[in-house]
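Take a look at the letters that make up each chain.
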Amino acid sequence: MSSTALSLSKAPADAPSKAPPDAGEHLVIIGNGMAGHRLLQALQDRPTRPTRITMIGEEASPAYNRILLSPWLAGEIERDSLDTRLSDEMSASVEWRLGERVVTIDRTHRRVHTDIGDPVHYDRLVIATGSRPTLPAIPGIELGNVGGFRNLDDVDWLIARSPGSRAVVVGGGLLGLEAAEGLRKRGLAVTLLQRGDRLMNRQLDVTAATWLRDTLERRGLTIETHASLAGCDADAQGNVQAVRLTDGRRLAADCVVVAAGITPNAELGRLARLDVGAGICVDATLTTRDPRIHAIGECCEFDGTTVGLVEPIWQQVETLADLLGGQTPQPYSDSACATRLKVAGISLYAFGPVEAEPDDDILTYADPEGGDYRRLLLRNDRLIGAVLYGDTGDGPALFQLSRAGADLGHHRDLLLFGASDVAQRLTEDTQHSLEEAA
């Protein structure tokens, strides 16, 4: 992306002057999703948090854990397992305005207008509006029983599908796989379409992706790679009855789930004339070009990058909670993250690049019968990437070795099965060197 975050010094002339947060300020949070609710949880531990907080959420339901939508769809947990909670004291101190959508932000008078109710004045404003599924611009995408997999309403209409119905899931990433597996467990006949050559191509190499595909197909999923959606055909009631692929094939479908990327909900930032690229641009304190307005989560963009994983969003929350709590925040940085996944009961752990450069070294171990696969990518004797399938216990230790940038040339024999031992060796070597220097 070409857009970059701007510093506070570049706020426009009509922006409020920069001032440190004050406990008496009115904090308004737009978005009662995971990021907004996590911010409330973080603020409840700050002794100097704002004493007046208003939460405005478009969904009428209390906050819930979207990560658990997949096991709920699969029938593995009850609905109340999704709920997230605050302390009674914190919950009572928040003014809740749920089922209400913010339509404009008036930066001059520092107030937000909603589709119902009176305007809300703010001293500090946090935009945490998340994202929405990216729907392809194809004929029929607006038909009934075509949608995404992002919220409670999405799961409700999917749960209502009858066993034996035919579902087409678009997207071979984590979300698409979880939706496909959940629908399969509900008794639907599921076909999954992946545009690329393999499942989870951003996290898995060819071997791990092939193993994953084989396992899912043995369970009953139909998986089509190199498959792109060209259009959806309607029945007499205006619901989808089939999909057309770009290669000319036509597949029967009683419902279509699109899980092929997300689009940040940044429209409020554009309307308020904040800097917006793919998301609302923020600096290292999660502050926009208006020093009274902040943005976190999937709706924001830092240093030209948006986020879609939980770990960096939680880091954003901690930085902003410190700032709003009157403390000196640890600046947010777009650091590398490891991805720990559980797809259809299969554990995966991955970080770093998937594709190797010509001079990179690759260490691999494969036990098909035991379902254990490991692939490590080294560059100049430094660990830069890993894919673990099945037994992922060494994943965190490998990730720490990678982040440390340690020279592992003398420890290659231990890396595949003894990452913790390598870390211990490196610690002992360092201690020995310090003793010799003394």
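Scope of this entry: the structure provided in the associated data block. Everything numeric in this text was worked out from a predicted model, so none of it was measured.

1. Side note on the nonpolar core
- Leu 39, Ile 105, Val 112 and Ile 296 are the most contacted members of the largest nonpolar core, which has 45 residues in total.
- Counting residues per element, this core draws most heavily on helix α8 (residues 310-324), at six residues.
- Setting aside residues no more than four positions away along its own chain, Val 112 makes contact with Ile 30, Ile 56, Val 102, Thr 104, Ile 105, Pro 119, Val 120, Tyr 122 and Leu 125.
- Counting 39 residues, the second largest nonpolar core, distinct from the first, contains Ala 167, Met 200, Ile 346 and Val 387.

2. Looking at the packing of aromatic side chains
- As enumerated under the stated definition, the model contains six aromatic pairs in all.
- Consider the rings of Phe 302 and Tyr 332, whose centres lie 5.2 Å apart with planes at 70 degrees: the pair is edge-to-face. Residue Phe 302 is located in strand β20 (residues 300-302), and its partner Tyr 332 is located in the loop between α8 and β22 (339-343); the two are separated by 30 residues in the primary sequence. An identical accessibility class is assigned to Phe 302 and Tyr 332; each is buried.
- Look at Tyr 349 and Phe 351: their rings are 6.4 Å apart centre to centre, the planes differ by 85 degrees, and that puts the pair in the edge-to-face class. Of the two residues examined, Tyr 349 and Phe 351, each falls in the buried class.
- Feature note: the residues Trp 211, Tyr 373 and Tyr 389 constitute an aromatic cluster, connected by ring pairs.

3. A word on the sheet that holds strand β21 (residues 305-306)
- Strand order in the open sheet formed by three strands is β18-β20-β21, with mixed pairing between adjacent strands. Unpaired on one side and paired on the other, β18 (280-282) and β21 mark the two borders of the sheet.
- Bridging between β18 and β20 involves three bridges; their strand directions are parallel. Directly across from Ile 280, in β20, lies its bridge partner Cys 300.

4. Thoughts on the packing of helix α5 (residues 174-185) against helix α6 (residues 206-219)
- One can describe the packing of α5 onto α6 by two numbers: an axis separation of 11 Å at closest approach and a directional angle of 20 degrees. Between α5 and α6, the interaxial angle falls into the category roughly parallel. Remark: the crossing between α5 and α6 carries left-handed chirality. In this structure, α5 uses Leu 177, Glu 181 and Arg 184 to contact α6, whose residues at the interface are Leu 212, Leu 216 and Arg 219.
- A per-class count over the contact of α5 with α6 returns three nonpolar, no polar and three charged.

5. Brief notes about the packing of helix α1 (residues 34-43) against α8
- In the contact formed by α1 and α8, the axes pass within 9 Å of each other and the chain directions differ by 45 degrees. For the element pair α1 / α8, the angle class is oblique. Judged by the sense of rotation from one axis to the other, the crossing of α1 with α8 is right-handed. Side by side, α1 and α8 meet where Met 34, Ala 35, Arg 38, Leu 39, Ala 42 and Leu 43 of the first sit next to Val 310, Ile 313, Trp 314, Val 317, Glu 318, Leu 320, Ala 321 and Leu 324 of the second.

6. A closer look at the pattern of salt bridges
- Scanning the model with the defined rule gives 33 salt bridges in all.
- Among the salt bridges present, the one from Arg 46 reaches Asp 322, with a minimum N-O distance of 2.8 Å. Here Arg 46, found in the loop between α1 and β2 (52-57), pairs with Asp 322, found in helix α8; they are 276 residues apart in sequence, far enough to count as distant.
- Looking at Arg 46, the relative accessible area reads 10%, which means it is buried.
- Classification of Asp 322 as buried rests on a relative accessible area of 17%.
- Its salt-bridge partner being Asp 394, residue Arg 374 comes within 3.2 Å of it at the nearest N-O pair. Here Asp 394 lies in the loop between β26 (382-389) and α9 (395-404) and Arg 374 lies in strand β25 (residues 372-379), a separation of 20 residues in the sequence. Each member of the pair Arg 374 and Asp 394 is classed as buried.
- When salt bridges that share partners are traced, they join Asp 372, Arg 374, Asp 391 and Asp 394 into one network.

The rules behind the values
- Residues numbered from 1 in each chain as written.
- Predicted model: local features only at pLDDT ≥ 70, side-chain atom pairs only at ≥ 80, totals over all residues.
- Heavy atoms only, no water.
- Core = buried A, V, L, I, M, F, W, Y, C linked by side-chain atoms within 4.5 Å.
- Buried < 20%, exposed > 50% of the residue type's maximum accessible area, 1.4 Å probe, protein only.
- Helix = DSSP H or I, 4+ residues; strand = E, 2+ residues; numbered from the N terminus.
- Contact = heavy atoms within 4.5 Å.
- Phe/Tyr/Trp six-rings, centres within 6.5 Å; stacked < 30°, edge-to-face > 60°.
- Pairing = 2+ DSSP bridges.
- Axes fitted to C-alpha atoms, helices over the stretch in contact; angles between N-to-C directions.
- Parallel < 35°, antiparallel > 145°, perpendicular 65-115°, else oblique.
- Left-handed = near helix turned anticlockwise from the far one by under 90°.
- Nonpolar A, V, L, I, M, F, W, Y, C, P; charged D, E, K, R; others polar.
- Salt bridge = Lys/Arg side-chain N within 4 Å of Asp/Glu carboxyl O.

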